[in-house]
Amino acid sequence: MITDDIRYIGVNDHKIDLFEGQYVVPNGMSYNSYAIIDEKIAILDTVDAAFTHEWLDNIQNVLHNRKPDFLIIQHMEPDHSANIANFMKVYPETTVVASAKAFTMMKNFFNTEFSDRRIVVREGDTLSLGNHNLTFFTAPMVHWPEVIVTYDSTDKVLFSADGFGKFGALNAQEEWVHEARRYYIGIVGKYGMQVQNLLKKAAGLDIQIICPLHGPVLTENLEYYLGLYQTWSSYQPEEEGTVIAFTSVYGNTKNAVLRLAEQLKAKGCPNVVVHDLARCDIALAVADSFRYNKLVLATTTYNANIFPFMRRFIDHLTERNFSNRTVAFIENGTWAPMAAKIMKESLDGCKNLTFANTSVKIMSAMNEESATQLNALSDELCHEYMIQQDATANKIDPDALFSIGYGLYVVTSNDGKKDNGLIVNTVTQVTNTPNRIAVTINKENYSHHTIKQTSTMNINCLTVDAPFKVFETFGFASGRNTDKFANCKPLRSQNGLIFLPRYINSFLSLKVEQYVDLTTHGMFICSVTEARVISNRETITYTYYHNNVKPKPETTGKKGFVCKICGFVYEGEELPADYICPLCKHGAADFEPIE
């Protein structure tokens, strides 16, 4: 009994070895069917053909001498629809309720569409049984095109078709999530967008019970199950962890995989799962790859391609829209290793994959070079885990400052004789009543001297379409000996200072009220005297500039250090601790060794 009026009439199958001819089900399957007993009686779905009489017995046992009025068919896969014709022979006066596509499929399966005793339902249609009122919602491609789900507003029950189902008979003693994940990823996983659409419909319903066509009826903690479906259908990882999926012919690739697994565990990876694709349940390997956020693919070059089990595995991933993960490669080859290239190309259609910078190449067996690569790969995959641990964290890492969300601006000023401008990334609103802006400028810059003398400046907010030439003009030359507006016809604000005619979305005119000496820099705390919005183009950020605007420095054949700000290359064995970049005026902390 599910509620006072809703009964379970499904069956358990412990004889099946492969569900849908491919999924191993050691604990069997359930084929769920339900009866709603009211003034009128509705049977929801049938069961697999092997259980005709057991199912019909279940119906008789719960209805006693009554007969059903409606047979509601939500899904036409034979494990749920095989007994429609048998049922209709026993209960010929029953009306069949289904979608139009389902009736077309009935014609294919049973050579009849039950045209004289049917109701075709569409999105939002309703059916009253007396006290119970049913509403039907279409769920195309979850995971067949004819699927509908049914909501009983009286008992607040969602009959969810194959949604929220799992492998395993109802009397199997196992945790729901593992077999539900394997079921969802394997069978429904391709159709994440369609599942998302169904979840949006479900969000508007008061659901207290979920009755799927496979697996247990869900009555508690429904937010947990709905949350998992939201995660799975949006292709987001459930947990932090690394899956290593491998094939190995003579054991050398396997040895590298096992070594990598131990390194990952030692460096703090919270979950490490290894699958030998020639021997494991491939559905479980696929499900784990969707469960965790990182995947390492390790295989041999085989017939100028990749080993067949790996090729099959990658096909399973791409077919199910594998995305939003970090992927790394280990390849093995005695004379012409090319597995890494082929594996990466095989994933071309996947979205939002981040490929590890380190790839491991094994020439037949591990050697010192491949062992070094393996260690570097484990460092890369475990970087965030190592940072989180006191024992392995760099606790004074200047790169953390680059995570602050800086914008980029041109500060214009005038020394009484000529106009000047420079690039800054330290502009902050510090109060809003009144509006005050803090601007920090390196004392090495001529603009610092000018603004200190005049107490006025303009802030020009640069946009993402600003070319590198703008940053080169205002960031890499001194206004003391350079006319930065020689090739520009600037405009002027009310304070007489320039604002740029292009590549800005707004500007602010500032009056310095307070100065704070910060040793190497000076902070100007200013009031706003004028503010204009020029356009709605997006403001450029420091990160955007580095990723999309700044040219990559030419370091080929050079040995030394490169400025992370402007790309200036310092050639030499050691960078002086007090070195200042001659272009952008940043110190030695903003240089990194040339790799």
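For the structure, check the block above.
Residues numbered from 1 in each chain as written. Predicted model: local features only at pLDDT ≥ 70, side-chain atom pairs only at ≥ 80, totals over all residues. Heavy atoms only, no water.

## Here's the deal with the overall build of the protein
At step 1: A tally of helices and strands in the protein yields 16 helices and 34 strands.
At step 2: In terms of overall size, the protein is more extended than a compact globule, its C-alpha atoms giving a radius of gyration of 33 Å where 595 residues would be expected to give roughly 25 Å.
At step 3: By principal-axis analysis of the C-alpha atoms, the protein measures approximately 105 × 65 × 40 Å.
At step 4: By residue count, 51% of the 595 residues in the protein fall in the buried class.
At step 5: Accessible surface, the protein as shown: approximately 28,100 Å² in total, 49% of it carbon and sulfur.
At step 6: Between the mean site of the 54 positive side-chain charges and the mean site of the 67 negative ones, the protein shows a separation of 8 Å. (Helix = DSSP H or I, 4+ residues; strand = E, 2+ residues; numbered from the N terminus. Rg over C-alpha atoms; globule rule 2.2 N^0.38 Å. Buried < 20%, exposed > 50% of the residue type's maximum accessible area, 1.4 Å probe, protein only. Areas by Shrake-Rupley, 256 points an atom, 1.4 Å probe, with all protein chains shown as cover. Lys, Arg positive; Asp, Glu negative; His and termini not counted. Charge placed at Lys NZ, Arg CZ, Asp CG, Glu CD.)

## Concerning the packing of aromatic side chains
At step 1: Under the definition given, this model contains 28 aromatic pairs.
At step 2: Seen from their ring centres, Phe167 and Tyr183 are 5.3 Å apart, and the 80° between their planes marks the pair as edge-to-face. Taken together, the residues span a long stretch of sequence, with Phe167 in the loop between strand S14 (157-159) and helix H5 (176-188) and Tyr183 in helix H5 at a distance of 16 residues.
At step 3: Measuring from centroid to centroid gives 4.6 Å for Trp176 and Tyr225, while their planes differ by 75°, and the two rings are edge-to-face. (Phe/Tyr/Trp six-rings, centres within 6.5 Å; stacked < 30°, edge-to-face > 60°.)

## Thoughts on the environment of Pro434
At step 1: Of note, Pro434 is situated in the loop between strand S25 (427-432) and strand S26 (435-442).
At step 2: In sequence terms Pro434 and Lys67 are 367 residues apart; their C-alpha atoms lie 78 Å from each other.

## Looking at the side chain of Asn505
At step 1: Among the structural elements, Asn505 can be located in strand S30 (residues 504-518).
At step 2: Those residues in contact with Asn505 that sit more than four places away from it in its chain are Cys461, Thr463, Arg532, Val533, Ile534, Ser535, Arg537, Glu538 and Thr539. (Contact = heavy atoms within 4.5 Å.)

## Here's the deal with the sheet that holds strand S32 (residues 560-563)
At step 1: Sheet architecture is open: 3 strands sit in the order S33-S32-S34, paired in antiparallel fashion. Two strands in the sheet have a free side with no partner beyond their single neighbour: strand S33 (569-571) and strand S34 (591-593). Averaged over all adjacent pairs, the angle separating strand axes in this sheet is 25°, with direction ignored.
At step 2: Across 3 bridges, S32 lies against S34 in antiparallel orientation. Residue pairing in the sheet places Val562 in a bridge with Glu592 of S34. (Pairing = 2+ DSSP bridges. Axes fitted to C-alpha atoms, helices over the stretch in contact; angles between N-to-C directions.)

## What to know about the sheet that holds strand S8 (residues 70-72)
At step 1: Strand order in this open sheet of 6 strands is S1-S6-S7-S8-S9-S10, and the pairing throughout is mixed. Edge positions in the sheet fall to strand S1 (6-8) and strand S10 (118-120), since each has one partner strand and no second. Averaged over all pairs of adjacent strands, the angle between their axes in this sheet comes to 20°, without regard to strand direction.
At step 2: Strand direction decides the pairing type here: strand S7 (residues 41-44) and S8, joined by 3 bridges, are parallel. Residue pairing for S8: Leu44 is matched across the bridge by Ile72.
At step 3: Strands in contact with helix H4 (residues 100-110) are strand S9 (95-98) and S10; relative to S9, the strand with the most contacts, it is inclined by about 120°.

## A closer look at the nonpolar core
At step 1: One finds Phe19, Met106, Leu297 and Phe313 to be the most contacted residues of the largest nonpolar core, which totals 91 residues.
At step 2: Examining the composition of this core, we find that 8 residues originate from one element, H5, more than from any other.
At step 3: In this view, Phe19 contacts Val25, Met29, Tyr31, Asp79, Phe167, Tyr183, Ile187 and His214; residues no more than four positions away in its chain are not counted.
At step 4: By size, the runner-up hydrophobic cluster in this structure holds 31 residues, among which are Tyr542, Tyr570, Leu575 and Cys581. (Core = buried A, V, L, I, M, F, W, Y, C linked by side-chain atoms within 4.5 Å.)

## A look at the packing of H5 against helix H7 (residues 222-233)
At step 1: H7 packs onto H5 with a crossing angle of 35° between their chain directions and a minimal axis gap of 12 Å. For the pair H5 and H7, the sense of crossing is right-handed. For the pair H5 and H7, contact is made by Trp176, Val177, Ala180, Arg181 and Tyr184 and by Tyr224, Tyr225, Leu228, Tyr229, Trp232 and Ser233, respectively.
At step 2: Of the residues contributing to the contact of H5 with H7, the split by class is 9 nonpolar, 1 polar and 1 charged. (Left-handed = near helix turned anticlockwise from the far one by under 90°. Nonpolar A, V, L, I, M, F, W, Y, C, P; charged D, E, K, R; others polar.)

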